[in-house]
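Tertiary structure, described
Next come the chains, spelled out residue by residue.
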Amino acid sequence: MSDDFENNDQNEFESISTDLVPADGELPLRLLLVPIFGRPLFPGQMQPVVLEADTWRSTLKRVTHANKPYLGLVYAGNEYSQDQTNPINFPKIGTLVRVHKLREEDGRIHFMAQSLDRFEVEFVTSKRRPIVAEVSYPTLPQEDPDELKGYAMSIVSLIKELVTANPLYSEELKQFLGHFNLNQPSPLADFAATITSAPGEQLQKALETVPLIARMTLVLELLRKELEVARIQQRISTEVEEQMSAKQRDFFLREQLKAIQSELGITRDDRNIDIERIESRLAELDVPEHVKERVDEEMGKLRMLEPSSSEYGVTRGYLDWISQVPWGKYSEDSLNLEKARDTLDEHHAGLDDVKDRILEFIAEGVFRGTVAGSIILLVGPPGVGKTSIGKSIAECLDREFYRFSVGGMRDEAEIKGHRRTYIGAMPGKLVQALKLSKVSNPVIMLDEIDKIGASHQGDPASALLEVLDPEQNKDFLDHYLDLRLDLSKCIFVCTANTVDTIPRPLLDRMDIIRLSGYITNEKVDIARKHLWPRLLKRAGVKTSQIKITDSALRALVEGYARESGVRNLEKQLHKALRKAMVVLLGGEQKSLTINNKNLVDFLGHPVFKPDSVMQGVGVVTGLAWTAMGGATLAIEAIAQPSKNGGIQLTGKLGEVMQESAQIARSYVQSKASKYKVESDWIEKHKVHLHVPEGATPKDGPSAGVTMATALISLASGRRVKDKLAMTGELTLTGHVLPVGGIREKVIAARRIGVKIIVLPEANRSDYEELPDYLKEDLTAHFASRYKDVYQVAFD
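Reference entry: report on the structure contained in this document. Remember, it's a predicted structure, so these values are computed and weren't measured experimentally. Throughout this document, residue positions are counted from 1 along each chain, in the order its sequence is written. Under the rules for a predicted model, residues below a pLDDT of 70 receive no local features and side-chain atom pairs below 80 are neither given nor counted, while totals for whole chains, interfaces and linings still include all residues. No hydrogens and no water enter the side-chain calculation; it runs on all heavy atoms of the structure.

1. As for the overall build of the protein chain
- In this text, helices come from DSSP runs of H or I with a minimum length of four residues, and strands from runs of E with a minimum of two, each type numbered from the N-terminal end. Regarding its fold elements, the protein chain presents 29 helices and 24 strands.
- Here the globule rule is a power law, 2.2 Å times the number of residues to the power 0.38, and the radius of gyration is based on C-alpha atoms. Relative to a compact globule of 795 residues, whose C-alpha radius of gyration would be 28 Å, the protein chain shows 46 Å and is clearly more extended.
- For the protein chain, the C-alpha atoms occupy an extent of roughly 130 × 95 × 70 Å along the three principal directions.
- Looking at the protein chain as a whole, 47% of its 795 residues qualify as buried.
- For every accessible area listed, the method is Shrake-Rupley and the probe measures 1.4 Å; residues are considered covered only by the protein chains on display. Entry remark: accessible area of the protein chain is about 40,200 Å², with carbon and sulfur atoms responsible for 49%. Note on exposure labels: buried denotes an accessible area under 20% of the residue type's maximum, exposed denotes more than 50%, and partly exposed covers the range between, all computed with a 1.4 Å probe on protein chains only.

2. Digging into the sheet that holds strand β8 (residues 401–405)
- Between any two strands, pairing holds if DSSP finds at least two bridges. Read across the open sheet, the 5 strands follow the order β8-β9-β12-β7-β13; overall the sheet is parallel. Only two strands of the sheet have a single partner each, and these edge strands are β8 and β13 (511–514). Strand after strand, the sheet turns through a mean of 20 degrees between neighbouring axes, direction not considered.
- Every residue pair with non-hydrogen atoms within 4.5 Å of one another is taken to be in contact. Helix axes use the C-alpha atoms of the stretch in contact, all axes being lines fitted to C-alpha atoms, and the angles between their N-to-C directions lie in the range 0 to 180 degrees. Packed on one face of the sheet, helix α13 (residues 352–368) meets β7 (374–379), β12 (491–496) and β13 and runs near 150 degrees to β13.

3. Overview of the nonpolar core
- Within this scheme, the nonpolar core is defined by two criteria: the residues are buried Ala, Val, Leu, Ile, Met, Phe, Trp, Tyr or Cys, and they are joined through side-chain atoms within 4.5 Å. Counting residues in each nonpolar core, the largest one holds 54 residues, and the members touching the most others are Leu377, Ile449, Leu468, Leu481 and Phe492.
- No other element matches the 5 residues that helix α11 (residues 310–324) contributes to this core.
- Beyond its immediate stretch of four places on either side in the chain, leucine 481 contacts Arg294, Tyr318, Trp321, Ile322, Val325 and Val431.

4. Describing the pattern of salt bridges
- Here a salt bridge means any side-chain nitrogen of Lys or Arg lying within 4 Å of a carboxyl oxygen belonging to Asp or Glu. A complete count under the given rule lists 38 salt bridges for this structure.
- Between arginine 103 and glutamate 105 there is a salt bridge whose closest N-O contact spans 3.5 Å.
- Residue arginine 103 is classed as partly exposed on the basis of its relative accessible area of 37%.
- We classify glutamate 105 as partly exposed; its relative accessible area is 39%.
- Here glutamate 761 and arginine 764 are joined by a salt bridge, their closest N and O atoms 2.8 Å apart.
- Under the relative-accessibility criterion, arginine 764 is labelled partly exposed at 32%.
- Among the ionic contacts, a cluster of salt bridges with common partners joins Asp274, Arg277, Arg281, Arg316 and Asp320.

5. What about the packing of helix α9 (residues 270–283) against α11?
- The interhelical angle for the contact between α9 and α11, taken along N-to-C directions, is 20 degrees, at an axis separation of 9 Å. Between α9 and α11, the angle is such that the two are roughly parallel. For α9 against α11, the interelement crossing comes out left-handed. When α9 is examined against α11, the residues Asp270, Arg271, Asp274, Arg277, Ile278, Arg281 and Leu282 are found in contact with a partner set consisting of Tyr312, Arg316, Leu319, Asp320, Ile322, Ser323 and Gln324.
- Gly counts as polar in this scheme, as do all residues outside two lists: the nonpolar Ala, Val, Leu, Ile, Met, Phe, Trp, Tyr, Cys and Pro, and the charged Asp, Glu, Lys and Arg. Tallied by class, residues from the contact of α9 with α11 come to 5 nonpolar, 2 polar and 7 charged. Roughly parallel means an angle under 35 degrees; roughly antiparallel means over 145; roughly perpendicular covers 65 to 115; every other angle is labelled oblique. Throughout, a crossing is termed right-handed when the near helix is turned clockwise from the far one, and left-handed when it is turned anticlockwise from it by less than a right angle.

6. Quick word on the packing of aromatic side chains
- Here the aromatic set is Phe, Tyr and Trp, taking the six-membered ring for Trp, and pairing holds for ring centres within 6.5 Å; pairs whose planes are under 30 degrees apart are stacked, those over 60 apart are edge-to-face, and all others are tilted. Under the defined criterion, the tally for this structure stands at 8 aromatic pairs.
- Between tyrosine 402 and phenylalanine 404 the ring centres are 6.1 Å apart and the planes differ by 50 degrees, which places this aromatic pair in the tilted class. In terms of burial, tyrosine 402 and phenylalanine 404 fall into one category: buried.
- Here the aromatic cluster, defined as three or more aromatic residues joined through ring pairs, consists of Tyr667, Tyr675, Tyr786, Tyr790 and Phe794.
- Geometrically, a charge over a ring is one whose NZ (Lys) or CZ (Arg) sits within 6 Å of the ring centre while staying within 35 degrees of the ring normal. Over the face of the ring belonging to tryptophan 56 we find arginine 129, whose NZ or CZ atom lies 5.4 Å from the ring centre.
- Here the basic side chain of lysine 435 rests over the ring of tryptophan 321, its NZ or CZ set 4.4 Å away from the ring centre.

7. Observations regarding the pairing of β8
- Only one face of β8 is buried, namely the one carrying Tyr402 and Phe404, since none of Phe401, Arg403 and Ser405 on the opposite face is buried.
- Bridge analysis of β8 against strand β9 (residues 443–447) gives 5 bridges, and the strand direction is parallel. Across the sheet, tyrosine 402 pairs through a bridge with isoleucine 444, a residue of β9.

8. With respect to the side chain of arginine 743
- Relative to the helices and strands, arginine 743 is located in helix α26 (residues 742–751).
- Exposure remark for arginine 743: the relative accessible area of 6% places this residue in the buried category.
- What arginine 743 contacts, discounting residues up to four positions off in sequence, is Asp353, Ser516, Gly517, Glu522, Leu770, Pro771, Tyr773 and Leu774.

Put into C-alpha cells, the structure is as follows:
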C-alpha cells in the first residue's frame, strides 16, 4: 500500500471510526459512496475495482481508517462522465462491499471489492467528496417457497444449457456451486444475472428488484437472451471450423498429391503450369526477335522466384499479357467492292456520299492489296449512324471490330498504359484491343474523340498523336509492355459531333467524312426497313400483329422526331409499340394498325408544329449550322425614330454574331441609296434586331447577309420573296465569304418548305456535290457580292 494510505493524521480521521459504527455489529448505517461504471456489482461477487487517484484518494483514506473497510458502490452508467459523479444522479440501490488489497499505482487506485449486500440510500449527508450517505438494507418479503423453488429450477436449467452452448460458463458455475446452496434463491438469482452480458441498465434494474419472484423473472429473461446469443455464436464457430477443416483437408491432400507426383517423377507445380501455359501460347505466334529476348529474360526470372512471392505475381501477369498479344496474326481482308456496297446498302439507308467515300477507300485497298494505315474521322450530329458505319467498315473487310470511347478520358495511361512500377498497372486500351480481337489488324473505333479531356495525369490527345500517325504507329510503345508494337495494319475509325474541339495536329492526321443527317424521306425509309422490324423482333411481336403505315411514319418524323439523327425516332417508335402491345393484351383485337389518325393515341400530341417561312417587312430567314445539324433562324428587325440612331441586339447572340450585325448596319448605311433606302434613315432610327428562341445561344459569321437584307427590307418597307432563305458572311466592302455546313443547311431549308436559297459563290462546289434528291425542287443562287443577294431577294 502506498504512503498515502499508511501515513495519515489521526486527528483528521478521528470522527470516522464513530461515523461507520455498524448498526447491529455487522452492517453500517452510514457509508462512503463511490460510483462505478460499466456494470453494477451484485451481492456475492468478488471483483477488482479501479478508480482515479486524484478524485477518490480522500474517500479511500477514510475507508482504510474506519473500523471496518466498508464502501458503498453505486452504478453510474456505461461510460465515465463528470455529471454521473454527482450524487444527485446516483440510483437509490447500490452494493455494500468490503475493501481488500488497496494500493495506488500510476495515478490509479486498485482494490478488490467483496460485495456483501444491497443497500438503499435514505439521505445523502455530504454531497461533496468524500460523499457520505445514510443507508438502509432491504429485507426480502415472504413469498411462496414452492414457487420460488420452481423459478430456481428454471434458472438452474438455463444455466446448464448455457454451459452446454458455451463452455466458458462452466468455471463460473463451479465457483458458484462451491460457495452457495442451490436452494438459496436470492444468491442464485444474483449469480445468474452476473454471468450474463446484459447492458448495465438491465442489470441495475435486477439489482433494484428486491422481491425474489420479480427479480428471478427478470433474470430468466436475461438468461434466455444470453442463451440465444450463445447458440448463434456456437453456430458461427461451427461454420468457421468446418470451413477451416475443409481448407486444411484440401491443403493436406494437395501436399500428398505433390509427394506422390514427386515419387513418380511427374511433378507439376504451379510454376511449371504457368510456364507451360505461357510457352504454349507463344509457340502459336510469330513473335518478333526483340519480344523473344524480353520473354526469355522474364521467364528466367519466373523460374527463380517462389510462387508465393509478390514479385512472382507481377512477373507472371506481365508474361500473361505478352503471350496474349497476337504477334504476327492478321486476318485476311475481303476486298470485294460489290460485297462492300451490298453490306453498306443493307445496313444504311441514304448517306450515298458517305458510302461512296468508303467504297473509294476500299477500292484503293484493292489496288494496294491491303487496307492499312488508314485513319477515318466520321463527323456528324448524334444518332446519324457514325458507330454503325464503323462496324459496317469492319464487316465489309471481314475484320474484327473493337470500340472504346475516349469521351471524358483524362489520363494518357488509358492510351499508352501504366508503367509496371505501379500497383495494379495495366496496358493501354490499344493493347487490350489487340488481345480481345486476337488479330493485329482489327478495325479500332475511338468514339467521341471531340470530347477528350486533359488533366494533371497527362493529355490523352497528345498520346493519340503517335497512335494515329501511320509513320509512327508502326513502332508504338506501350508503357506497361515496354515493347514496340506494329499498329500500322490497324484501321482507326474516330467519331465526333464537331471538329472545333479536336486539337489541330490530331485533326490533320485524319481523313474527314461528314455525315450531315437525314431528310424526312430518308428517315421514313430507315424506320420502315430497319427500325420498326428490329423493334418488333426485340419485343417478340409478329409483323402481322402490329403494323404502322407510311403516312403514320411520316407524321411521326415531322411531328415527334425532327432531329438530324434517328435515335429519337427509334425511341418514339418503341413507345408506340409498347402502347400498342398494351392495347392488344387488354382487348379482343388480334392485330392492330397504327395510322395517321390514331397516332396521337399512342404518342400524344405532336411536339413540333408545322414550320413555315416567316414573312413580313424586316423579316428574313437565315440558315445556320449546329452540332445537332442544320437549323433555320428567322431574323426580325423593327425601328423607332431616334436622334442618335444605333442598333439593339437580342436573342442571346454571340460575339461574332454581334459583330456581323454591326457590319451589316454599317454596310447598309454606306450603300443606302444603292438599295433604295433613304440616306439618313439609319441615322434617324434606332433599329432593334432580334433572333427568336432567345434562350438558345447563337454565334457564327454566316448570318451577315441575312441581317443586311432584314435591315434593307425594314428601311425600304419591302418584303423579300416568299420561301426564301440565305446564308453567307458579309464584309464591310460587300463581299460574300464562304461558310460551312452547306448540306446541313440545305436539309434544314427543305424541312420548312424553302424553295429558293442564296449561298456564297465559293460554296457552289459544296452544293453541286450534294445528292440530287436534296437539290430537287430547290432553286439555288450564288453570290460573290451583296448586290447579287439583293437582286434575288428583292428582284
